[in-house]
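Notes for the structure review
Given next are the chains, with one letter for each unit.
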Amino acid sequence: MEMIKFLDIQKITQQYAPEIHDAVSRVIDAGWYLLGEEVKQFEKSYAAYTGTDYCVGVANGLDALRIILRAYMEIGVMQPGDEIIVPANTYIASILAVSDSGLVPVLVEPDITTYQIDDQKIEAAITSKTKGVMIVHLYGQCAYTDKIGNLCKQYGLKLIEDNAQAHGCKFNGKKTGALGDAAGHSFYPGKNLGALGDAGAVTTNDKGLGEVVRTLANYGSSVKYRFDYQGYNSRLDELQAAVLDVKLAHLDSETTRRREVAGYYLKHIIHPDITLPVVNDWNAHVFHLFIIRSAKRDELQHYLREKGIQTLIHYPIPPHKQKAYSAWNDFSFPITEKIHAEVLSLPISAVITDEEVKTIVDAVNAFC
Ligand SMILES: *Cc1c(COP(=O)(O)O)cnc(C)c1O
């Protein structure tokens with residue numbers, strides 16, 4: 001039996017093989033592998049794509065987020081011990097980025113229908129130490145709301161976007177990555193815009209912040225051998241930038257295909273034990289993941305595996321139940337815990353075929 005893979009990354013790359021080979025050869029032949037023209041070009045393309053003034057390539061998505069927060073500390077906007085509000089149901093990287101520099105993550109429950117941070121619960125979590133809100137456009141769906149934007153203005157908080165999962169997503173015509181004060185993007189191979197290895201970027205309209213981020217990512221140096229900060233080595237390399245520039249040009253057509261697949265799932269999956277995702281605005285969802293929810297999740301996953309369909313769980317253990325954050329293990333976030341117990345991710349990508357999608361729908365509908 002031929003397995004339907006959760007995500008066929010080889011096939012995704014193959015779609016653009018000639019262009020990618022050309023790009024990689026160009027870098028090899030240029031003989032310049034860091035901080036060169038390819039990175040400059042991709043930063044320009046991605047700033048234009050997101051509609052932001054500055055884009056700084058960095059080594060990965062976690063670094064993008066932690067360097068944004070470090071930059072705010074270096075310019076005196078944040079101090080160690082200050083609090084940053086984050087969703088309780090996110091990939092651990094969002095939270096690691098906060099605790100990394102001695103800032104304190106304050107977890108807020110999501111909305112059970114959208115899985116995004118519940119904007120009704122943010123205000124109660126704000127204290128005199130709160131300096132920012134990090135929203136995470138989880139599963140590819142926009143987490144921004146006007147209420148969140150207004151709260152940040154009212155309380156003078158920085159709004160940081162974790163846009164690792166939502167490249168190309170839009171809220172009222174504006175792209176994610178351009179909705180807050182700064183955004184971190186991941187180009188991990190499995191993301192909607194994926195490199196052939198680790199890669200990331202920061203976007204912002206704040207020139208001062210963008211310059212500090214760029215300096216921090218290069219050892220804290222903007223002039224060779226002069227170090228203004230105790231920085232990081234976190235640079236996007238020329239090879240990845242060249243590949244990303246090729247793939248960025250195809251991102252919107254890939255998103256269109258993801259939405260087609262999601263639309264098919266939404267229309268045809270009909271099962272009393274399965275909850276489908278809620279889509280209020282198709283522009284505001286790029287379907288990084290297609291999440292269904294069921295009280296019988298583990299049986300469903302096992303059943304689909306037997307039928308030759310690979311699914312994944314994003315994510316099986318909530319951050320507050322992780323050993324890495326043992327001080328939080330007794331905290332109770334019932335909505336977050338319910339989501340982690342019930343979610344299952346069906347295969348979705350730009351390269352999945354109609355036939356595969358139909359096979360998955362038929363199998364899901366026949367589950368009992
Ligand atoms: C992937 C991801 C990250 C981290 O990105 P890396 O490039 O793997 O460091 C951060 N936040 C979220 C929500 C992610 O999905």
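Quick caveat, the model's predicted, so the values are computed rather than measured.

Some words on the UniProt feature "modified residue: N6-(pyridoxal phosphate)lysine" (unreviewed entry) in the protein chain
Here the UniProt-annotated "modified residue: N6-(pyridoxal phosphate)lysine" (unreviewed entry) positions come out as Lys191. Within the element layout of this structure, Lys191 appears in the loop between strand E8 (182–186) and strand E9 (200–204). Look past the residues within four positions of Lys191 in its chain and what remains in contact with it is Ala164, His167, Ser186 and His288.

Side note on the side chain of Asp162
With respect to the helices and strands, Asp162 occurs in strand E5 (residues 158–162). Buried within the structure, Asp162 lacks any salt-bridge partner; Lys191 is the closest side chain of opposite charge, at an N-O distance of 6.7 Å. A distance of 2.9 Å separates polar atoms of two side chains, one belonging to Asp162 and the other to Ser94. Every residue in contact with Asp162, bar those within four places of it in the chain, is listed here: Leu65, Ser94, Met134, Ile135, Val136, His137 and Gly184.

Let's talk about the environment of Gly180
Relative to the helices and strands, Gly180 resides in the loop between strand E7 (174–175) and E8. Among the residues examined, Gly180 registers a relative accessible area of 25% and is labelled partly exposed. A C-alpha to C-alpha distance of 14 Å links Gly180 and Gln154, two positions 26 residues apart in sequence. Not counting residues within four places of it along the chain, the set of residues in contact with Gly180 comprises Leu159 and Glu161.

Structural notes on unusual backbone geometry
Here the amide bond leading from His314 into Tyr315 is cis, since omega sits at 10°, within 30 degrees of zero. As for its placement among the helices and strands, Tyr315 is situated in the loop between helix H10 (297–306) and helix H11 (334–342).

Quick look at the site of the ligand
The environment of the ligand is formed by Asn60, Gly61, Leu62, Tyr91, Ala93, Val136, Asp162, Ala164, Gln165, Ser186 and Lys191. Within the backbone of Leu62, an N or O atom sits 2.9 Å from an oxygen atom of the ligand. In this structure, an oxygen atom belonging to the ligand sits 2.7 Å away from a side-chain N or O atom of Gln165. For the ligand, whose unbound accessible area comes to 380 Å², protein coverage reaches 90%. In a pocket analysis with a 2 Å cut-off to the grid points, the ligand is assigned to the largest pocket. Considered class by class, the residues forming the shell around the ligand number five nonpolar, four polar and two charged.

So, the layout of surface pockets
Computed from the structure, the largest pocket encloses a volume of approximately 590 Å³. For the largest pocket, the lining is made up of 29 residues, of which Tyr91, Ser186, Tyr188, Lys191 and Tyr315 are closest to its centre. Taken together, the elements giving at least two residues each to the lining of the largest pocket come down to helix H4 (61–74), helix H5 (92–100) and E8. Its residues assigned to classes, the lining of the largest pocket shows 13 nonpolar, 12 polar and four charged. Taken domain by domain, the makeup of the lining of the largest pocket includes at least three residues from each of domain 1 (9–245) and domain 2 (250–366).

Concerning the packing of H4 against helix H7 (residues 207–217)
Packing of H4 against H7 leaves a shortest axis separation of 9 Å and a crossing angle of 110°. Our classification of the angle between H4 and H7 gives roughly perpendicular. Here H4 runs over H7; the crossing is right-handed. For the pair H4 and H7, the contacting residues are Ile67, Ile68, Arg70, Ala71, Tyr72 and Glu74 in the first and Leu209, Val212, Val213, Leu216 and Ala217 in the second. Its residues assigned to classes, the contact of H4 with H7 comprises nine nonpolar, no polar and two charged.

Thresholds applied
- Residues numbered from 1 in each chain as written.
- Predicted model: local features only at pLDDT ≥ 70, side-chain atom pairs only at ≥ 80, totals over all residues.
- Heavy atoms only, no water.
- UniProt positions renumbered as here; feature names shortened; annotations may be inferred.
- Helix = DSSP H or I, 4+ residues; strand = E, 2+ residues; numbered from the N terminus.
- Contact = heavy atoms within 4.5 Å.
- Buried < 20%, exposed > 50% of the residue type's maximum accessible area, 1.4 Å probe, protein only.
- Lys, Arg positive; Asp, Glu negative; His and termini not counted.
- Salt bridge = Lys/Arg side-chain N within 4 Å of Asp/Glu carboxyl O.
- Polar contact = N/O pair within 3.5 Å; in protein donor to acceptor, adjacent residues only side chain to side chain.
- Near = heavy atom within 4 Å.
- Areas by Shrake-Rupley, 256 points an atom, 1.4 Å probe, with all protein chains shown as cover.
- 1 Å grid on protein atoms, 1.4 Å probe; cavity = no way out; pocket = protein on both sides within 12 Å on 5 of 7 lines; lining within 4 Å.
- Sits in = over half its atoms within 2 Å of the grid points.
- Nonpolar A, V, L, I, M, F, W, Y, C, P; charged D, E, K, R; others polar.
- Points joined across faces, edges and corners; volume = space filled by probe spheres on them.
- Domains from an automatic or database assignment.
- Axes fitted to C-alpha atoms, helices over the stretch in contact; angles between N-to-C directions.
- Parallel < 35°, antiparallel > 145°, perpendicular 65-115°, else oblique.
- Left-handed = near helix turned anticlockwise from the far one by under 90°.

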